[in-house]
Amino acid sequence: MGKAGVHNALHSEQGALCGEHPDRSRNPVIKVRDLAWLEFEKPDLAAAETFAHAFGFRTVARTPDDLQLRGADAGAPCVVIRRGTQTRFRGIAFRALDDVDVHTVAEANGAVVEPLPEALGGLSVQLTDPGGIPVKVVAGLHELPELPAQPPQVFNFGRQATRVNTTQRPPRAPAVVQRLGHVVMQSAKYLQALNWYLDNLGLIVSDFLYFPGQRGRGPTMSFIRCDRGSVPADHHTLALALGPTNRYVHSAYQVSDLDALAAGGEYLCERGYFRSWGIGRHIQGSQIFDYWRDPDGFLVEHFADGDMFDNSLEAGWAPFTASGLAQWGPPATADFLGTSPKHARHEVISMITGLREKNEFDVKRLIGLLKVATS
């Protein structure tokens, strides 16, 4: 018999059944506070910077071989791009509470603590998750000052007239990125990776998804937040999904509100950039979303109005379906789902490769994944 009926602190209609995967580690090594930045490698830094400015980032530093981008909130750069011969994702950096936590997680993993470049400041330890994704844990960073924010619009709701004798004219301009919100990764070793993040970094699962008809085999996607105790954190800082390869899926960046997101989208459209999916509102996390492809094909998201949870809520459970990705908005596109002709050959090759290797992605899981796109 399921536990959901007796949960007092459950945000979802459905909770865990007896014996299902726990939503947190009993004794994590440390508890990270947030994402710090994401690292990429790209051949053309000029094109990357042009898109970044249209998307709403500000440049922190630019050399012939490095590009650091930030949002308007105080803190460190949220995207670091290095020049390379190929386009690839280079890893995730999480912010620890302090230097002690960096040393603690390093010792637990047999890793070495090293100073970060002077421009960033602080300490770092380089780890690797079970899927081979590079993961840094950092602390003591130099804090960049807060920049002017994009003011939210003033709304009239029903008979409540807040805006009088003035019009509503959101500028068709880049949506000012405030901060890095979350990153979504695919892993062929999903459960191993999930347990690694919960055990080492103290993250908590907000929502589990399972393939239709396969709940008994366990979850296949998890939306995971930082444990800040009674201080609310984003519904998910990291999301993990089972798939045939270990790879970056997308990253999300907060903007002030729907008007900034929509007008910023018009600005991107006018400059020939490709909208992958949007505008809509998610279910898990509740964010208003808008997805774009950058010039190198990476998927990036503008979002606003996301859920914030403290550590008292238990994880929700739901089937993993394409129609269940949004409360409203257009249907999930073939580009977003990876089923478009442009991506089909690559996806087929990755599935065949994934089935040949020793991991959690088997034929039954493949059937479940294929059902997701049509359900």
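Residues numbered from 1 in each chain as written. Predicted model: local features only at pLDDT ≥ 70, side-chain atom pairs only at ≥ 80, totals over all residues. Heavy atoms only, no water.

A.B. asks: For this particular structure, what's the right way to read the pairing of strand 7 (residues 123–128)?
C.D. replies: Remark: a regular strand shows side chains that alternate across the two faces of the sheet. Two elements, strand 6 (residues 113–115) and strand 7, share three bridges in a ladder whose sense is antiparallel. Within the sheet, the bridge partner assigned to Glu114 lies in strand 7 and is Ser124. One ladder, built from six bridges, connects strand 7 with strand 8 (residues 134–139); its direction is antiparallel. Looking across to strand 8, one finds that Leu127 is bridged to Val135. Connecting strand 7 to the next strand, strand 8, in antiparallel fashion are five residues, including Gly132 with a positive phi near 90°. (Pairing = 2+ DSSP bridges. Helix = DSSP H or I, 4+ residues; strand = E, 2+ residues; numbered from the N terminus.)

A.B. asks: How should the nonpolar core be read in this particular structure?
C.D. replies: It is characteristic of soluble globular proteins that their nonpolar side chains tend to be buried jointly. Ranked by size, the top nonpolar core spans 83 residues in total, and within it Ile92, Tyr197, Leu201 and Leu203 carry the most contacts. Here the element with the most residues in this core is helix 3 (residues 190–201); it accounts for seven residues. Leaving out residues up to four positions away in the same chain, Leu203 has contacts with Asp23, Arg24, Val32, Phe94, Tyr197, Leu198, Ile224, Arg225, Cys226 and Leu238. Counting nine residues, the second-largest nonpolar core is a separate cluster that includes Ala36, Trp37, Val80 and Ala93. (Core = buried A, V, L, I, M, F, W, Y, C linked by side-chain atoms within 4.5 Å. Buried < 20%, exposed > 50% of the residue type's maximum accessible area, 1.4 Å probe, protein only. Contact = heavy atoms within 4.5 Å.)

A.B. asks: I keep staring at the sheet that holds strand 16 (residues 288–293) and nothing clicks. Help me out?
C.D. replies: Sheets are built from strands that pair by backbone hydrogen bonding, the pairs being arranged parallel or antiparallel. With mixed pairing, the ten strands of this open sheet are ordered in space as 19-10-11-13-9-14-17-16-15-20. Two strands lie at the open edges of the sheet, namely strand 19 (316–319) and strand 20 (326–328), each paired on one side alone. When the angles between neighbouring strand axes are averaged without regard to direction, this sheet yields 25°. Running over the sheet, helix 1 (residues 45–55) touches strand 14 (247–254), strand 16 and strand 17 (299–304) and is turned about 15° from strand 17. (Axes fitted to C-alpha atoms, helices over the stretch in contact; angles between N-to-C directions.)

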